[in-house]
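Here's the letter readout for the chains.
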Amino acid sequence: MERKLVSVQCVDHLEPIAGADNILKARVMGWDVVVKKGEFTPGDPCVFFEIDSVLPSGAPWAEFLRPRGFRVKTARLRGVLSQGLALPVSILSGEVPPRGTDVREQLGVVKFEPVLPDTREIAGPFPGQVPKTDELRLQSALGVLDELRGLDFYVTTKLDGTSATFFRPLEGELVACSRNWALRRGPNPVWRMAERYALDTVLPPGFAVQGELCGPGIQKNRLGLSDLDLFVFSVHDTRTGVYLDQTALAAFCAERGLRTVPVEHVVTGDAARTFDHGLEHYLKLAQGFYTGTRNRKEGIVVRPLVERHSPTLGGRLSFKVINNDFLLKDED
Ligand code: ATP
Ligand code: MN
Ligand code: MN
């Protein structure tokens, strides 16, 4: 499911901020967001912009962001974490749409995209048989916690590299992709991984592996690797349309000499039944450093051990929790 970058939501709660006269701390979905005093009372609708919304330059309601640039980022105001942006629904023309309505297009907001591949590297569109890699932010989909409750699950480290997908069609040659595009065979890092791991022969026809490509020259190489490597987080069987469960994924990768993303916790049985599935607990689990480094990790990704459909997400049950320390200090 595409996350809704900009939607109509409800201001569930408001509280004062010590020492601040003009701003309040508000709660929208699972997000804490600082708002202007007087703009909302609890229960009011708002237009909520998630982190990485890029507001249009030229719209009067977006002008106040000009000095900082039009991208919505995590901020700390008077010691209070603010994630996203809540504006009054009066910025919309016409009647107030119901809660959950996606108003991104109508407001001319686009999503911040850190890297666009060089057009000369693009071979074609991302293959339609394979789901693109993405994870929803827990704070935007708190309902997933009820869906996970009681299930055996696992937590992996969210690596801060770049997404790569390798698909071996039933017939024809391997397709190697960046986040959104199939890439031309060449000296790019994605194809280097395909060659190093001989993915054109080790992948069974019909299968796709998806992983995070990390190493020198990619993002900030926070793992401190001396060479590129691929860390697999999903294996998809396009013939059946299902993802392999965690144990099958681990075996699949081990047999082929592929690495997986680091598994931080596997929670089963009694421990799973009594686990604290609160937002605060997950935010704590998301903190910390990449093993063996002094670099803050980006966060964690949480999934049930056995793949499961999520009614909340309209897709597989899987979500990310971003490390707030990373968002404040390390994100560029
Ligand atoms: P955003 O959508 O927030 O702008 P993004 O789509 O680039 O950012 P995120 O949504 O933050 O990335 O996170 C999803 C991505 O995280 C996946 O596409 C994948 O490339 C990457 N990733 C890194 N580590 C993992 C992991 N352990 N499990 C799953 N995905 C991971
Ligand atoms: Mn995403
Ligand atoms: Mn990323």
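That block above? That's the structure.
Since the model is a prediction, treat every value here as computed from it, not as a measurement.

Rules used throughout
- Residues numbered from 1 in each chain as written.
- Chains lettered and ligands numbered in written order.
- Predicted model: local features only at pLDDT ≥ 70, side-chain atom pairs only at ≥ 80, totals over all residues.
- Heavy atoms only, no water.
- Helix = DSSP H or I, 4+ residues; strand = E, 2+ residues; numbered from the N terminus.
- Rg over C-alpha atoms; globule rule 2.2 N^0.38 Å.
- Contact = heavy atoms within 4.5 Å.
- Areas by Shrake-Rupley, 256 points an atom, 1.4 Å probe, with all protein chains shown as cover.
- Lys, Arg positive; Asp, Glu negative; His and termini not counted.
- Charge placed at Lys NZ, Arg CZ, Asp CG, Glu CD.
- Pairing = 2+ DSSP bridges.
- Axes fitted to C-alpha atoms, helices over the stretch in contact; angles between N-to-C directions.
- Disulfide = S-S within 2.5 Å.
- Buried < 20%, exposed > 50% of the residue type's maximum accessible area, 1.4 Å probe, protein only.
- Near = heavy atom within 4 Å.
- Polar contact = N/O pair within 3.5 Å; in protein donor to acceptor, adjacent residues only side chain to side chain.

**Looking at the overall build of the protein chain**
In terms of regular secondary structure, the protein chain is built from 8 helices and 24 strands. Scaling as 2.2 N^0.38, a compact globule of 332 residues should have a C-alpha radius of gyration of about 20 Å, and the protein chain matches this with 21 Å. Oriented by its inertia axes, the alpha-carbon framework of the protein chain measures out at about 65 × 50 × 40 Å. A separation of at least 24 residues holds for 68% of the contacts in the protein chain among residues at least 6 apart in sequence. Split by element, the accessible area of the protein chain, about 15900 Å² in all, is 51% carbon and sulfur. Of the side chains in the protein chain, 41 bear a positive and 42 a negative charge, and the two mean positions are spaced by 4 Å.

**Here we look at the sheet that holds strand β2 (residues 23-28)**
Strand order in this open sheet of 5 strands is β3-β2-β1-β4-β8, and the pairing throughout is antiparallel. Each edge of the sheet is formed by a strand with only one pairing partner; in this case those strands are β3 (31-36) and β8 (85-88). When the angles between neighbouring strand axes are averaged without regard to direction, this sheet yields 50°. Note that strand β1 (residues 6-16) and β2 share 5 bridges and pair antiparallel.

**Considerations on the state of the cysteines**
Evaluated as defined, the whole model comprises 0 disulfides. Not part of a disulfide, C46 finds its nearest cysteine sulfur in C10, a span of 7.4 Å. Considering cysteine sulfurs only, C253 is the nearest to C177, which forms no disulfide, with 17 Å between them. By relative accessible area, which is 0% here, C177 ends up buried.

**As for the pairing of β2**
The alternating pattern of β2 places L24, A26 and V28 on a buried face, while none of I23, K25 and R27, on the opposite face, is buried. Between β1 and the antiparallel strand that follows it, β2, lie 6 residues; G19 among them carries a positive phi value of about 80°. What sits between the antiparallel neighbours β2 and β3 is a turn of 2 residues, in which M29 has the positive phi angle 50°.

**Quick word on the site of ligand 1**
Close to ligand 1 lie 19 residues, the nearest being T133, T157, R179, E212 and K320. For ligand 1, an oxygen atom lies 2.8 Å from a polar atom in the side chain of T133. In this structure, E135 approaches ligand 1 through a main-chain N or O atom, which is 3.5 Å from an oxygen atom. Out of a free accessible area of 620 Å², ligand 1 has 90% covered by protein chains. Put simply, the parts of the chain that give the shell around ligand 1 at least two residues each are β12 (153-158) and β21 (299-304).

**So, unusual backbone geometry**
Positive phi is not limited to glycine here, since R78 has a value of about 50°. Counting through the fold element by element, R78 comes out in the loop between β6 (75-77) and β7 (80-82). Its relative accessible area of 57% is what places R78 among the exposed residues. Although it is not a glycine, Q219 sits at a positive phi angle of roughly 45°. Of note, Q219 is situated in the loop between β16 (207-214) and β17 (229-237).

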